[in-house]
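Here is how the chains run, residue by residue.
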Amino acid sequence: MASPVQPSHPQVAVSAAIFRGDRILLVRRARSPARGYYSLPGGRVEFGESLHAAVHREVDEETALKIEIVGLAGWREVVPESAGNGHYLIMSFAARWIAGEPVLNDELDDFRWLAPDALGDLKVTGGLQEVIQSARRLLRA
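All values reported here derive from a predicted model rather than from experimental measurement.

Looking only at helices and strands, the protein chain features 2 helices and 7 strands. For the protein chain, the α and β elements follow one another from N to C terminus as β-β-β-β-α-β-β-β-α. Across its three principal directions, the C-alpha atoms of the protein chain cover 45 × 35 × 25 Å. Burial analysis of the protein chain (141 residues in total) assigns 41% to the buried set. Taking the contacts inside the protein chain whose residues are at least 6 apart along the sequence as the reference set, 68% of them involve residues at least 24 apart. If you sum the accessible surface of the protein chain, you get close to 8000 Å²; carbon and sulfur atoms cover 53% of it.

Relative to the 18 Å expected for 13 residues at 1.5 Å per residue, helix H2 (residues 128–140) spans 18 Å between its end C-alpha atoms, a close match to the ideal helical length. Turning to H2, its buried residues number three or more, namely Leu128, Val131, Ile132, Ser134, Ala135, Arg136 and Leu139. Where the residues of H2 are buried, they touch strand S1 (11–20), strand S2 (23–29), strand S3 (38–39), strand S5 (66–78) and strand S6 (88–99).

Attention now goes to unusual backbone geometry. For alanine 64, which is not glycine, the phi torsion reads 65 degrees and is therefore positive. Within the secondary structure, alanine 64 sits in the loop between helix H1 (51–63) and S5.

Summed over the entire model, instances satisfying the criterion amount to 12 salt bridges. Between glutamate 58 and arginine 57 there is a salt bridge; the shortest N-O distance is 3.0 Å. Owing to a relative accessible area of 6%, glutamate 58 belongs among the buried residues under this scheme. Its salt-bridge partner being arginine 57, residue glutamate 61 comes within 3.3 Å of it at the nearest N-O pair. Placement of the pair is glutamate 61 and arginine 57 together in helix H1, with a separation of 4 residues, close to one helical turn.

Another point: the environment of alanine 16. Tracing the backbone through its elements, the reader meets alanine 16 in strand S1. Residue class for alanine 16 comes out buried when judged on its relative accessible area of 0%. Sequence separation of alanine 16 and alanine 141 is 125 residues, and the distance between their C-alpha atoms is 18 Å. Setting aside residues no more than four positions away along its own chain, alanine 16 makes contact with Leu40, Pro41, Val55, Val59, Ile67 and Phe93.

Below, the discussion takes up the packing of aromatic side chains. For the coordinates displayed, the defined rule picks out 0 aromatic pairs. Over the face of the ring belonging to tyrosine 37 we find lysine 123, whose NZ or CZ atom lies 4.7 Å from the ring centre.

Attention shifts here to H1. Because each turn of an α-helix spans 3.6 residues, side chains separated by three or four positions in sequence point in the same direction. An ideal rise of 1.5 Å per residue puts 18 Å on 13 residues; H1 measures up with 18 Å between its terminal C-alpha atoms. Taken as a whole, H1 has its buried residues at Ala54, Val55, Arg57, Glu58, Val59, Glu62 and Thr63. Residues of H1 that are buried make contact with S1, S2, strand S4 (42–44), S5, S6 and strand S7 (108–114). Downstream of H1 by a residue or two, alanine 64 has a phi angle that is positive, lying close to 65 degrees.

Quick notes on the rules
- Residues numbered from 1 in each chain as written.
- Predicted model: local features only at pLDDT ≥ 70, side-chain atom pairs only at ≥ 80, totals over all residues.
- Heavy atoms only, no water.
- Helix = DSSP H or I, 4+ residues; strand = E, 2+ residues; numbered from the N terminus.
- Buried < 20%, exposed > 50% of the residue type's maximum accessible area, 1.4 Å probe, protein only.
- Contact = heavy atoms within 4.5 Å.
- Areas by Shrake-Rupley, 256 points an atom, 1.4 Å probe, with all protein chains shown as cover.
- Expected span 1.5 Å × (residues − 1).
- Salt bridge = Lys/Arg side-chain N within 4 Å of Asp/Glu carboxyl O.
- Phe/Tyr/Trp six-rings, centres within 6.5 Å; stacked < 30°, edge-to-face > 60°.
- Lys NZ or Arg CZ within 6 Å of the ring centre and 35° of its normal.

Written as structure tokens, this is what we have:
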């Protein structure tokens, strides 16, 4: 099977720091990139799609949850360290849980509602703690 062709430019992606009360939803990636790491639900923005529409779509596809977006909590850039890894600009939004219970798609294999300060020794994606703290501040404002 041939390797997928990598884009020649960075791809824009979104994620959602979803709070339900004082707990945040973390999901574990079942595939690359970041397979086995806990992170926020999210994914690539489609051509012609607004960032907010992409957040709602990705959260719905990955978890079936309904959310309210509060604001931009931060961003991070994932630069390829080796051939085959993508280059992403990830815009992370603070959000409140509105309805539903997580129903994961095949891109994810676990979820946890955790206190933001209780991630312990979970394997998490780079910059996750900073985005969570920023989202928490936005939601408290």
